[in-house]
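# Overview (structure and organization)
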Amino acid sequence: MSAPVETHAFQAETRQLLDIVIHSLYSNKEIFLRELISNASDAIDKLRLAALEQHTLIDDDPVLEITVAPDSQARTLTVSDTGIGMTRDELMALIGTIAKSGTRELVQQLKTDTTGEAASSLIGQFGVGFYSAFMVADRVEIITRKAGSDTATKWESTGDGTYTIGDASRFRRGTDIILHLKPVDPENGIADYTSTQVLRTLIKKHSDFVAHPIKLKEVKDGVAEWPTVNSMKPIWTQSASEVSEESYAEFYRHLSHDWQDPLDRLSLKAEGRLEYQALLFLPSKAPFDLYYRDQDYGLQLHVRRVLIMDRCRQLLPPFLRFVKGVVDSSDLPLNLSREMVQQDRHIAQMRTWLTRKVLDHLTTMQSGRREVFLKFWGEFGAVLKEGVAGDGEHRDRLLKLLLFPSTRDTAEPTSLADYVSRMVEGQSSLYYVTGESRAVAERSPHLEAFKARGYEVLFFVDPIDEFVAQSVHEFEGKPLVSVSRAGVEPGSEEERKAAEDLRKVRDTELRPFLAFLEQTLSDTIREARVSSRLTTSPACLVAGEHDLSPALERMLRQASGKDEGAPTRRILEVNDDHALVKRLRDMHASTPDDAALVEAAHLLLGTALLAEGTAPPDPAAFAERLAAFMTRQMR
């Protein structure tokens, strides 16, 4: 007995997405066919992968193909495949919801876009290209039968926020997607998608490289014919002179489900003891899930042009997870399992070779195509930094690729090599300052002496930069040093020694006042001393040689889920030439028991924390002290 037809509401985010897709301004509605064919191709690939372990899934019906059938009388277009198919539950999960991290961010960006450009660039990244069918159809039906199952399911929706689902009949495994087309409307980008000539042109344009036959129904003299429209020749086996840039871009979009052109590509071929080819792409934009733990990444792995693994993570290290592409080897077994991939020495060799080639390509891009590299860096630079922080094998090569903003240029970041080439005479270290943003870092009091001496300082403002600083101790033999560390001063070794000697003299002279600060602020600082780095600010906090930076300490606390205990106590440095410090010093000398001194000490500490971008330990208490101080001053 068949189950009754049920009506369900779309997930809230899916409903919003459908509304945006249907009503957004798309300049290129024809891409719906590319998306449906791409999904059909994926379904066949999934079947072939599943059949490696369960041969009967294909043995009973070995035909693997995609068909496109227009009906001008009924105004329908049916895209069918003989792929893996879906169960009832899978159909509801895959079509009724967008079960992917970052959905909320996707919908928000689409809602704020008024041109439709964001929709075309973002929807594909979330693997929901199916919904593009509603750009050209008033109603969409899906009839699907899972491989190995005897039952089929029908799904139907007009895109109004609900869908129906129930039992159906289908002779063989696979999926039919039936589009009940909107009227032809050339002004709004809706062509006659029942025309075989229009369909043939679109398939050749967008899907010619699909590895499975795409058959288009054509009726001649009352007889239906099913000619194969696409060439099916793997694009990575062809020389670059045989393939147009448009074809490469279409293949990239098919492979990645991105709706934008790639930023760049690499065609690679290895010959010798181990032979394989690769066609790799650098995306133009970072996907939403680039930093999500459950991101599904990896290159397609083929053996003699047969897809073996859709997402092979072992072919590239995680810091290159943004790279899309295909690797095809003739030396691997067709029955290669995921467990075998992790242990296969050929895979390890391919990983080494591919990683080196990608890094070589980025190095060439950095030196020869600066504008392209800067665009790439803006999207994926932080991911490369992950490699520096956690990958000792490639750290030296990655270091040369890194770019950081600096005090030298407000527009373009600089490489470490370029920084070294500009070091002033007598400078022996590379200096950096950390902060939540460039704006915060630029106002750091730790920079004052370095700016005064004309020293360039790098801004480490990405969260990952804190880990880079912990992992990288030198570049080209020169130490990488934080200006917020105790004892770090600009100048030659002789100049730093002279400044330190003078500081110690002043430290001795101000010892009673410094001892008062240490006692009053003992919960937050472990020492107070005179500063030789400050020129305009009254005070700053510096870390000891082996202390973690405040930002790194906060990140580690958040990562562990524990927020107990006080932060590491740092050193308070005061500028004894500043009018405020002089006034406090004189007050302490004349009236050491004045209660206002205690309040002023806490305010001094709070301003030092705020200047570096750190909140006072007790913001409410700081606000109360500040209000009380202002009240007294305004009497």
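Structure shown above.
Keep in mind that this is a model prediction, so the values were computed, not measured.

Parameters and conventions
- Position numbers for residues count from 1 along each chain, tracking the sequence in the order it is written.
- Note on the predicted model: pLDDT of at least 70 is required for a residue's local features to be given, and 80 or more for side-chain atom pairs to be given and counted; whole-chain, interface and lining totals, by contrast, use all residues.
- By convention in this description, side-chain values take in all heavy atoms of the structure and omit both hydrogens and water.
- Being paired, for any two strands, means DSSP has found at least two bridges between them.
- Helix and strand assignments come from DSSP, with helices taken as H or I runs of at least 4 residues and strands as E runs of at least 2, each series counted from the N terminus.
- Inter-axis angles, ranging from 0 to 180 degrees, are taken between N-to-C directions of lines fitted to C-alpha atoms, where helices are fitted over the stretch in contact.
- The criterion for an aromatic pair is that two Phe, Tyr or Trp rings (for Trp, the six-membered ring) have centres within 6.5 Å, with stacked assigned to planes under 30 degrees apart, edge-to-face to planes over 60 apart and tilted to the rest.
- Accessible area is worked out with a 1.4 Å probe on protein chains only. A residue is then buried under 20% of its type maximum, exposed over 50%, and partly exposed in between.
- Only when the NZ atom of a Lys or the CZ atom of an Arg is both within 6 Å of the ring centre and within 35 degrees of the ring normal do we say a charge sits over the ring.
- Polar contact criterion, stated in full: a pair of N or O atoms within 3.5 Å, where within protein one must be able to donate a hydrogen and the other to accept it, and residues adjacent in sequence count only if both atoms are side-chain atoms.
- Two residues qualify as a contact provided that any one of their heavy atoms is within 4.5 Å of a heavy atom in the partner residue.
- The span expected for a helix works out to 1.5 Å for each residue beyond the first.
- In these notes the angle categories are as follows: under 35 degrees is roughly parallel, over 145 is roughly antiparallel, 65 to 115 is roughly perpendicular, and the rest is oblique.
- In this count, Pro and Cys sit with the nonpolar residues alongside Ala, Val, Leu, Ile, Met, Phe, Trp and Tyr, while Asp, Glu, Lys and Arg are called charged and the others, Gly among them, polar.
- Salt bridges are defined as contacts in which a side-chain nitrogen from Lys or Arg sits within 4 Å of a carboxyl oxygen from Asp or Glu.
- Patches here: salt-bridge-free residues with over 30% relative accessible area, like charges joined within 9 Å, nonpolar side chains (Val, Leu, Ile, Met, Phe, Trp, Tyr) joined within 5 Å.
- Here the Shrake-Rupley method, with its probe set to 1.4 Å, supplies the accessible areas, and only the displayed protein chains count as covering residues.
- What is meant by a nonpolar core is a set of buried Ala, Val, Leu, Ile, Met, Phe, Trp, Tyr and Cys residues, joined one to another through side-chain atoms within 4.5 Å.

### What to know about the sheet that holds strand β22 (residues 525-530)
Strand pairing within a sheet occurs via backbone hydrogen bonds; the two strands may be parallel or antiparallel. The three strands lie next to each other as β22-β24-β23, forming an open sheet whose pairing is mixed. Every interior strand has two partners, whereas the edge strands, β22 and β23 (539-542), have only one. In this sheet, adjacent strand axes meet at a mean angle of 25° when their direction is disregarded. With four bridges joining them, β23 and strand β24 (residues 570-574) adopt antiparallel strand pairing. Each bridged residue has a counterpart across the sheet, and for A539 the counterpart in β24 is V574.

### Some details on the packing of aromatic side chains
Applying the stated criterion to the full structure yields 23 aromatic pairs. Ring geometry for F32 against Y193: centres 4.9 Å apart, planes inclined by 75°, an arrangement best described as edge-to-face. With F32 in helix α2 (residues 31-51) and Y193 in the loop between β7 (174-181) and α7 (196-207), the pair connects residues that are 161 residues apart, well separated along the chain. Across the pair, exposure class does not vary: F32 and Y193 are buried alike. R265 extends its terminal NZ or CZ atom over the ring of Y248, reaching a point 3.9 Å from the ring centre.

### Some words on the sheet that holds strand β2 (residues 66-71)
Within the open sheet, the eight strands sit side by side as β1-β6-β5-β4-β7-β3-β2-β8. Their pairing is mixed. Strands with a single pairing partner mark the edges of an open sheet, and in this sheet they are β1 (6-9) and β8 (214-216). The mean angle between the axes of side-by-side strands here comes to 20°, regardless of whether they run parallel or antiparallel. As judged from the six bridges shared by β2 and strand β3 (residues 76-81), these two strands associate in the antiparallel manner. For P70, the partnering residue across the bridge sits in β3 and is L77.

### Overview of the side chain of N230
Checked against the element boundaries, N230 lands in the loop between β10 (223-225) and α8 (245-256). Taking the relative accessible area as the measure of exposure, N230 reaches 5% and is therefore buried. Side-chain polar atoms of N230 contact the backbone oxygen of V210, separated by 2.9 Å. A polar contact of 2.9 Å, which involves the side chain of N230, links it to the backbone oxygen of H212. Apart from residues lying up to four places away in sequence, N230 is in contact with S207, D208, V210, H212, P213 and I214.

### Notes on the pairing of strand β16 (residues 403-406)
As paired strands, β16 and strand β17 (residues 409-415) are joined by three bridges and run antiparallel to one another. Across the sheet, S406 pairs through a bridge with D409, a residue of β17. From the end of β16 to the start of β17, which pair antiparallel, there are two residues.

### Structural notes on the environment of S522
With respect to the helices, strands and loops of the structure, S522 is situated in the loop between α18 (511-520) and β22. Side-chain polar atoms of S522 contact the backbone oxygen of Q519, separated by 3.4 Å.

### Considerations on α8
Residues spaced three or four apart along an α-helix face the same direction, because each turn holds 3.6 residues. Helix length check: α8 (twelve residues) gives 16 Å between terminal C-alpha atoms against 16 Å at 1.5 Å per residue, within 8%. With nine of twelve residues buried, α8 lies mostly within the body of the structure. Taken together, the buried positions of α8 are Y248, A249, E250, F251, Y252, R253, H254, L255 and S256. Count one or two residues on from α8 and you reach H257, which has phi positive near 60°.

### Let's talk about the packing of α18 against helix α21 (residues 595-611)
Packed helix pairs are characterised by how far apart their axes lie and by the angle those axes make with each other. Running from amino to carboxyl end, α18 crosses α21 at an angle of 75°, the nearest separation of the two axes being 10 Å. Classified by the angle their axes make, α18 and α21 are roughly perpendicular. Side by side, α18 and α21 meet where F516, L517 and T520 of the first sit next to L597, V598, A601 and H602 of the second. Its residues assigned to classes, the contact of α18 with α21 comprises five nonpolar, two polar and no charged.

### Structural notes on the pattern of salt bridges
Evaluation of the coordinates by the stated rule reveals 44 salt bridges. Note that K205 and E30 form a salt bridge whose closest N and O atoms lie 2.9 Å from each other. In this pair, K205 is assigned in helix α7 and E30 in the loop between α1 (12-23) and α2, connecting sequence segments 175 residues apart. Looking at E30, the relative accessible area reads 17%, which means it is buried. A salt bridge links K146 to E90, with the nearest nitrogen and oxygen atoms 3.1 Å apart.

### Topic: a nonpolar patch on the surface
A cluster of nonpolar side chains, namely L626, F629, M630 and M634, defines an oily patch on the protein surface of about 410 Å² accessible area. In this structure, M630 sits in helix α22 (residues 619-633).

### Looking at the nonpolar core
In terms of nonpolar packing, the biggest core is built from 71 residues, with L301, F322, L354, L362, F376 and L384 touching the most fellow members. For this core, the leading source of residues is helix α10 (residues 345-368), giving eight residues. Within the second largest apolar cluster, 61 residues are counted, among which are A43, L77, I95 and M135.

### Focus: the environment of P183
Residue placement: P183 occurs in the loop between β7 and α7. C-alpha of P183 to C-alpha of D138: the two residues are 45 residues apart in sequence and 9.3 Å apart in space.

### What about the packing of α18 against helix α20 (residues 579-590)?
Where α18 contacts α20, the two axes come as close as 10 Å, and the packing angle between them is 95°. On the basis of the axis angle, α18 is roughly perpendicular to α20. Counting all contacts with α18, which are made through P512, F513 and F516, the residues of α20 involved are V581, L584, R585 and H588. Residues belonging to the contact of α18 with α20 are distributed by class as follows: five nonpolar, one polar and one charged.

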